[in-house]
Amino acid sequence: MSVGEGNEAYGRKTFKRSRSHFADRITADGHDGWPVEPGRYRLVVSRACPWASRAVISRRLLGLEDALSMAVADPIQDDRSWRFTLDPDGRDPVLGIRFLKEAYDARESDYPGGVSVPAVVDVPSGRLVTNDYQRITLDLATEWRDLHREGAPDLYPRALRDEIDTVMAEVYEDVNNGVYRAGFATGQEEYEEACAGVFRRLETLSERLARQRYLVGGTITEADIRLFTTLVRFDAVYHGHFKCNRWKLTEDPVLWAYARDLFQTPGFGDTVDFDHIKRHYYQVHTGINPTAVVPLGPDLAGWLAPHGRADLGGSPFGDGTPPGPVPAAEAVAPQGRP
């Protein structure tokens, strides 16, 4: 999620997602000059942002908390970029900066695309390494393998990668990005086309998930993470704020049960902060919500209701194990949980 031309621009111009300008990779062999090293890098996220939430979930599932530290930005960014006002003195305690933009500027000046999360910063130099949200989590699953916890799931199994890539591409185009194209549309035709695409894809996914517990194979994969981060925000923000209101997630029995299944799986729901999510969308996107009023609903209690998905077979971690308790320093505030 990017900060570039000012918050008031949201909803006032045709939406087009910028490609990640900083696409260096952190790899086991360091071929881009950034080798995997425990403690060297810091992951900067917003719990409000679905793209950043992918990285938060992957990091926790893989047990990379000790190897890759994490900074959580204030959900209400200003026009200067994501800010660290949740930390003492308004500075990230590891990087020593007030705004994520400082790490971007340390890497390059006059970069296109604005300042986005997730971002990985090199701690010794304070320079941004990558903001490639499509690649970061795939590399966490593969290039960081030597630092994974014992029992970590294989989120991107080699034998299933072609199918995972196909499913993820469809989910990205029509769902992950589709809700934004609908929400930031500046004309009726543009909106209707995007909104119709969102629900066509959701209906197809519902049919698929009526037959199997997870999107690809018998365990959770990267594909499930990417769909979950949109579904968990659907009724809270996308249904009303982005006008994706043909039906609510809770009105599709299959998708609602699937989303609850993942939410109740360690590593998913325990990373979600509904307070951050709602305040970010409704207070930052002043182009489509000029009053910045945050709605009271929806009721979150249903997220913990039984889902019955185990009857379809499969197991979230396969032969592995769930992650341990959330580190105290990273626990979500009570008001952000159902």
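By the naming in an unreviewed UniProt entry, the protein chain goes by Glutathione S-transferase C-terminal domain-containing protein and is assigned to Streptomyces gottesmaniae.

Considerations on the packing of helix α4 (residues 161-176) against helix α6 (residues 188-209)
Interhelical geometry of α4 versus α6 gives an angle of 145° and a closest axis separation of 8 Å. For the pair formed by α4 and α6, the contact residues are Glu163, Val167, Glu170, Val171, Asp174 and Val175 on the first element and Gly197, Val198, Arg201, Leu202, Leu205 and Arg208 on the second. Residue classes in the contact of α4 with α6 are distributed as six nonpolar, one polar and five charged.

Some thoughts on helix α1 (residues 50-62)
One turn of the α-helix equals 3.6 residues, which is why residues spaced by three or four share an orientation. Helix length check: α1, at 13 residues, gives a terminal C-alpha distance of 18 Å against a target of 18 Å (1.5 Å per residue), a fit within 8%. Of all 13 residues in α1, 13 are buried, a share of seventy percent or more. Phi for glycine 63, located one or two positions after α1, is positive at around 70°.

Description of the UniProt feature "domain: GST C-terminal" (unreviewed entry) in the protein chain
Per the UniProt entry, the sites bearing "domain: GST C-terminal" (unreviewed entry) are residues 154-284 in this numbering. The span residues 154-284 is 63% helical and 0% strand by assignment, and the distance between its end C-alpha atoms comes to 36 Å.

Some words on the sheet that holds strand β2 (residues 41-45)
If you walk across this open sheet you meet the four strands as β3-β2-β5-β6, and the pairing is mixed. Edge positions in the sheet fall to β3 (69-72) and β6 (127-130), since each of these pairs with one other strand and no more. Between one strand axis and the next, the sheet turns by 35° as a mean value, whatever way the strands run. Relative to strand β5 (residues 119-122), β2 runs antiparallel, the two sharing four bridges. Opposite valine 44, over in β5, you have alanine 119 as the bridge partner. The sheet strands contacting α1 are β2 and β3, and the helix crosses β2 at an angle near 130°.

Re the state of the cysteines
Applying the stated criterion across every chain, the model contains zero disulfides. Of all cysteine sulfurs in the structure, the one in cysteine 195 sits closest to cysteine 244, which takes part in no disulfide; the separation is 4.7 Å.

What counts as what
Residues numbered from 1 in each chain as written. Predicted model: local features only at pLDDT ≥ 70, side-chain atom pairs only at ≥ 80, totals over all residues. Heavy atoms only, no water. Axes fitted to C-alpha atoms, helices over the stretch in contact; angles between N-to-C directions. Helix = DSSP H or I, 4+ residues; strand = E, 2+ residues; numbered from the N terminus. Contact = heavy atoms within 4.5 Å. Nonpolar A, V, L, I, M, F, W, Y, C, P; charged D, E, K, R; others polar. Expected span 1.5 Å × (residues − 1). Buried < 20%, exposed > 50% of the residue type's maximum accessible area, 1.4 Å probe, protein only. UniProt positions renumbered as here; feature names shortened; annotations may be inferred. Pairing = 2+ DSSP bridges. Disulfide = S-S within 2.5 Å.

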